[in-house]
Amino acid sequence: GSEMCIRDSFKAFTDNYIWLVATNEGLLVVDPGDSKPVEDFLEKSNEVLSDILITHHHFDHTGGVEKLNSQSLLNVYGPTGSIFTGINRKLKEGDSINVIGIDFSIIEVPGHTLDHIAYYSENEGEPILFCGDTLFAGGCGRVFEGTYEQMHNSLNKLKILPENTKVYCGHEYTLSNLRFALEVDAENIFLKDRYEECLDLRNNDQATIPSLLEIELKTNPFLRCDNRIIQENIMQKFNLNAMPVEKETFKATREWKDNA
Ligand code: ZN
Ligand code: FE
């Protein structure tokens, strides 16, 4: 296999991340919402971009594609049925692709948008996931185009990946997510520790991403809708007559966050 490294991440706009992955077979970026930081990197390092991975059509994830691919030589991977027109390698659930020597499998995760996909690689025992605006560190994306049920099912597909999966999401929303999580799941000791750690990182202007799926499973309320304590808290918060089931807990938690 190829030596893989996540070589860099670029900030775009205020809180977007563009991930850059390098192997001896090439260079890829994930969700380049802006071309400028990528172009600057390529110029400075004298390297050539070969591939782009797109998770969903939103402009803050696709806005740089046209410029980066102005000579139409790059493979631009993205979801089948996307309204973003710059994709030339269309992907659907279960597809396997090898990009710059890395094997990715495609997981459809509709909810935030209908066209959302995630890229998962076992990566020789060090699994990685690029999940755009579906699973965030400590939270999840807003449900814009799909239904709450779709989003919940999508997150449950990511939940079953290996616990040592490194989660590369599209935004630095971690602190505000964890502040909300502390309201939903106040008794969770892992969550308090995680919040302190992330606060330190952000105070030193460091990224909280990637996170580890194992940590998400312990602290992310949107992956913990089957947890009795969270369900009880939701029941109290919304004055429900009965304990909500998992999918009801997801919907109520997501709506609570939307209105927070
Ligand atoms: Zn988005
Ligand atoms: Fe986004």
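The following refers to the structure shown. Computed from a predicted model, the values in this text were never measured in an experiment.

## Concerning the coordination of the zinc ion (ligand 1)
And step 1. Taken together, the protein ligands of the zinc ion (ligand 1) are H56 (NE2), H58 (ND1), H112 (NE2) and D133 (OD), with distances of 2.2 to 2.3 Å.
And step 2. Donor residues for the zinc ion (ligand 1) sit on one chain with the sequence pattern H-x1-H-x53-H-x20-D.
And step 3. Between the zinc ion (ligand 1) and the iron ion (ligand 2), a separation of 3.1 Å is found, and both are coordinated by D133. One end of the pair, H56, is in the loop between strand 4 (51-53) and helix 2 (59-62); the other, D133, is in the loop between strand 10 (128-132) and strand 11 (135-136), with 77 residues separating them in the sequence. Each of the two residues, H56 as well as D133, counts as buried.

## Considering the coordination of the iron ion (ligand 2)
And step 1. At the metal site, the iron ion (ligand 2) is ligated by D60 (OD), H61 (NE2), D133 (OD) and H171 (NE2), and these contacts range over 2.1 to 2.3 Å.
And step 2. In this structure, the iron ion (ligand 2) is surrounded by 4 donor atoms whose angles at the metal cover 84 to 169°, and the resulting shape is irregular.
And step 3. Each donor residue of the iron ion (ligand 2) lies on the same chain, and together they follow the pattern D-H-x71-D-x37-H.

## Focus: the pattern of salt bridges
And step 1. If you walk through the whole model with that rule in mind, you get 15 salt bridges.
And step 2. E232 is the salt-bridge partner of R228, the closest N and O atoms lying 3.9 Å from each other. You can see R228 and its partner E232 sitting in helix 8 (residues 228-237), 4 residues apart, about one turn around the helix.
And step 3. Connected through shared salt-bridge partners, R142, R254 and D258 make up one network.

## Looking at helix 6 (residues 189-203)
And step 1. Over its 15 residues, helix 6 runs 22 Å from end to end, which matches the ideal 21 Å to within 8%, given 1.5 Å per residue.
And step 2. Those residues of helix 6 that sit buried are L191, R194, Y195 and C198. Down the axis of helix 6, the buried set is contained in an arc of 105°. They therefore lie on one face. Residues of helix 6 that are exposed and angled more than 90 degrees away from the buried face: I189, E197 and N203.
And step 3. The inward-facing, buried residues of helix 6 abut helix 5 (174-184), strand 14 (211-212) and helix 7 (213-219).
And step 4. Capping of helix 6 at its N-terminal end is provided by N188; its side-chain oxygen lies 2.9 Å from the backbone amide nitrogen of F190.

About the criteria used
- Residues numbered from 1 in each chain as written.
- Chains lettered and ligands numbered in written order.
- Predicted model: local features only at pLDDT ≥ 70, side-chain atom pairs only at ≥ 80, totals over all residues.
- Heavy atoms only, no water.
- Donors = N, O, S within 2.8 Å, 3.2 Å for Na, K, Ca; no water.
- Helix = DSSP H or I, 4+ residues; strand = E, 2+ residues; numbered from the N terminus.
- Buried < 20%, exposed > 50% of the residue type's maximum accessible area, 1.4 Å probe, protein only.
- Tetrahedral: all angles 85-135°; square planar, octahedral: opposite > 155°, others 65-115°.
- Salt bridge = Lys/Arg side-chain N within 4 Å of Asp/Glu carboxyl O.
- Expected span 1.5 Å × (residues − 1).
- Arc of directions from axis to C-beta.
- Contact = heavy atoms within 4.5 Å.
- Polar contact = N/O pair within 3.5 Å; in protein donor to acceptor, adjacent residues only side chain to side chain.

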